[in-house]
Amino acid sequence: MNGATDFSAEVAVVGGGPVGLVTAIALATAGVEALLVAPAPADDHRTTALLAGSVTALATLGVWEACRTDAAPLAAIRIVDDSRRLLRAPEVRFAAAEIGLDAFGYNLENRHLLAALSARAAELKVPRNASAALAVTSDSQGVTIKLDDGAARVRLAIGADGRRSLCRAAAGIGTDRRTYPQTALTFNLGHDRHHQDTSTEFHTESGPLTLVPLPGRRSSLVCVLEPARAEAFAALSDAELSDEIERRAHSLLGRMRVEGGRGMFQLAVETAHCFARDRVVLVGEAAHVVPPIGAQGLNLGLRDAATLAELVADARRQNLDVGSPRLLARYDAQRRADATSRRIAIDLLNRSLLTDFLPAQGARGLSLYLVDRIGPLRRALMREGVAPAASKPRLMRGEKA
Ligand SMILES: Cc1cc2nc3c(=O)[nH]c(=O)nc-3n(C[C@H](O)[C@H](O)[C@H](O)COP(=O)(O)OP(=O)(O)OC[C@H]3O[C@@H](n4cnc5c(N)ncnc54)[C@H](O)[C@@H]3O)c2cc1C
């Protein structure tokens, strides 16, 4: 089929995780014909804290209404230095009301988000092939995607196929990858006291322990530990693990009861050398993986989806080739800058927790002290965290792509 001009669709989105689904929905609502190549996703017990810009994008795409009742608002974020270090940072509390918002964002279980996205894609009649992409080949005219039951031919292939992306490998794009000596143990839990819509991060020498509100007296937990200790924790009974987490959280939320569905994720940072090449564009974790610290990963991925949908919709309106080198270069430049700045910030924060180097501990303590004391600096940080000034695609401003 190489060089064939018989197109099955203008664009194919490969991967039906949250980023792939949002990309397909954004394209469909902008009137771009997009084929979704997506086998059923694996069970996912994680939750995602979606920041305000992502929530606006989901509302604009007609998805948020279906998520609302399963999502808990994040009205405040508290950071507690729980290390035994000599130079400890003061406790810092960020309140969304300080920047005129009801909430920084909302936390919800990925299974609810995926169900709402799949339902919206079906409602918009996005064509979906449940096969995995088996091979992806580009030529000067288009891209051929080999599927279980044949092949699809498109002008642009969007790789939303996660951290082991076939699309990325097919386009010959390498990555920079570094792993940390840390594992994130994740699960949800019930507790006696209400969280008051406040997310609490305990910063410890092994990494953060973060409790993020879910509706009612429930929270999700991301506990970053040395790998051996994470293994040992994961092997505990529900009762033992509940006690251990309650102890580590200083009984802040009272008695705890862990729920089923524990996850373990090695912390890694991985960035593709470029985000687009030869009619293949990468979005979400196919382009960048960041550790689950500061709720940035999927929010970055949704900004990829919104930016790309906007560029493709604009090209389509002007009858231009949606897989042109110019479009790919613009996407690459816009998205790499945002992903790189987030990666550096998360990396610095994580390393400052791990280090025994006193000046680094001091610098972290001083930064948090300044953030605590200087209102305008704190508010600027909060605004930047919720919606980066340098990257605000139309969907994140409440407009159609
Ligand atoms: C513990 C933890 C907590 C997190 N918490 C947050 C948070 O609070 N906020 C936040 O913003 N981010 C968070 N993240 C990050 C977030 O989970 C990821 O950024 C997000 O899941 C990435 O979505 P994705 O669609 O890019 O990839 P994935 O969710 O990995 O989806 C990729 C999809 O592609 C499919 N696929 C793979 N290969 C093929 C193929 N050949 N053909 C077709 N389909 C294929 C897979 O089946 C899968 O469905 C967290 C991550 C972790 C590990």
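Above this note sits the structure.
Residues numbered from 1 in each chain as written. Predicted model: local features only at pLDDT ≥ 70, side-chain atom pairs only at ≥ 80, totals over all residues. Heavy atoms only, no water.

## What about the overall build of the chain?
So, step 1. Tallying secondary structure elements over the chain gives 11 helices and 21 strands in all.
So, step 2. Burial statistics for the chain: of 401 residues in total, 53% are counted as buried. (Helix = DSSP H or I, 4+ residues; strand = E, 2+ residues; numbered from the N terminus. Buried < 20%, exposed > 50% of the residue type's maximum accessible area, 1.4 Å probe, protein only.)

## Regarding helix α7 (residues 238-248)
So, step 1. Of all the residues in α7, the buried ones are Leu-241, Ser-242, Glu-244, Ile-245, Glu-246 and Arg-248.
So, step 2. Considering only its buried residues, α7 is in contact with β13 (175-191), β14 (198-204), β15 (207-214), β16 (218-225), α6 (227-234) and β17 (256-258).
So, step 3. Backbone geometry just downstream of α7 places His-250 in the positive-phi region, at approximately 55°. (Contact = heavy atoms within 4.5 Å.)

## Structural notes on the side chain of Ser-220
So, step 1. Tracing the chain through its elements places Ser-220 in strand β16.
So, step 2. A polar contact is formed between the side chain of Ser-220 and the side chain of Thr-47, at a distance of 2.8 Å. (Polar contact = N/O pair within 3.5 Å; in protein donor to acceptor, adjacent residues only side chain to side chain.)

## A look at the sheet that holds strand β4 (residues 72-73)
Backbone hydrogen bonds are what pair the strands of a sheet, in a parallel or an antiparallel way.
So, step 1. The strand order across the open sheet built from 3 strands is β3-β7-β4, with neighbouring strands paired in antiparallel fashion. Both edges of this open sheet fall to β3 (47-51) and β4, since each of them pairs with a single strand only.
So, step 2. Relative to strand β7 (residues 105-109), β4 is paired through 2 bridges, and the arrangement is antiparallel. Looking at β7, one finds that Pro-73 is bridged to Tyr-106.
So, step 3. Relative to the sheet, helix α4 (residues 110-123) contacts β3 and β7, its axis offset from that of β7 by approximately 95°. (Pairing = 2+ DSSP bridges. Axes fitted to C-alpha atoms, helices over the stretch in contact; angles between N-to-C directions.)

## Section: the environment of Ala-12
So, step 1. Among the secondary structure elements, Ala-12 is positioned in strand β1 (residues 11-14).
So, step 2. Residues in contact with Ala-12, not counting those within four places in the same chain, are Leu-35, Ile-145, Val-154, Leu-156, Ala-157 and Ile-158.

## Structural notes on the site of the ligand
So, step 1. Residues in contact with the ligand amount to 27 residues; listed here are only the nearest, Ala-49, Ala-133, Glu-285, Leu-298 and Asn-299.
So, step 2. Taking Asn-299, its side chain carries an N or O atom lying 2.9 Å from an oxygen atom of the ligand.
So, step 3. For the ligand, the accessible surface in isolation is 1,000 Å², of which the surrounding protein chains cover 85%.
So, step 4. Mapped by element, the contributors of at least two residues to the shell around the ligand are α1 (18-29), β3 and α8 (297-317).
So, step 5. Each residue belonging to the shell around the ligand can be placed in one class, and the counts come to 13 nonpolar, 11 polar and 3 charged. (Near = heavy atom within 4 Å. Areas by Shrake-Rupley, 256 points an atom, 1.4 Å probe, with all protein chains shown as cover. Nonpolar A, V, L, I, M, F, W, Y, C, P; charged D, E, K, R; others polar.)

## Some points on the pattern of salt bridges
So, step 1. A full pass over the atoms with the stated rule returns 28 salt bridges.
So, step 2. Glu-10 is paired through a salt bridge with Arg-316; the nearest N and O atoms lie 3.5 Å apart. Taken as a pair, Glu-10 in the segment before β1 and Arg-316 in helix α8 lie far apart in primary sequence, 306 residues in all.
So, step 3. For Arg-316, a relative accessible area of 32% gives the class partly exposed.
So, step 4. Of the charged contacts in the structure, one is a salt bridge between Arg-394 and Asp-314, with a shortest N-O distance of 2.9 Å. (Salt bridge = Lys/Arg side-chain N within 4 Å of Asp/Glu carboxyl O.)

## Some remarks on the nonpolar core
So, step 1. In terms of nonpolar packing, the biggest core is built from 76 residues, with Val-11, Leu-27, Leu-50, Ile-145 and Val-312 touching the most fellow members.
So, step 2. Counting residues in each nonpolar core, the second largest holds 18 residues, with Leu-189, Leu-209, Phe-233 and Ala-249 among its members. (Core = buried A, V, L, I, M, F, W, Y, C linked by side-chain atoms within 4.5 Å.)

## Observations concerning the pairing of β3
So, step 1. Within β3, 5 of the 5 residues are buried, leaving the element largely enclosed by the surrounding structure.
So, step 2. The alternating pattern of β3 places Thr-47, Ala-49 and Leu-51 on one face and Thr-48 and Leu-50 on the opposite face, and all of these are buried.
So, step 3. Alignment of β3 against β7, held across 5 bridges, turns out to be antiparallel. For Leu-51, the partnering residue across the bridge sits in β7 and is Gly-105.

## Topic: the pairing of strand β10 (residues 143-147)
So, step 1. The buried fraction of β10 is high, at 4 of 5 residues.
So, step 2. Examined bridge by bridge, strand β9 (residues 135-138) and β10 share 4 bridges and lie antiparallel to one another. Looking across to β10, one finds that Val-136 is bridged to Ile-145.
So, step 3. From the end of β9 to the start of β10, which pair antiparallel, there are 4 residues.
So, step 4. Between the end of β10 and the start of strand β11 (residues 150-154), which pair antiparallel, lie 2 residues.

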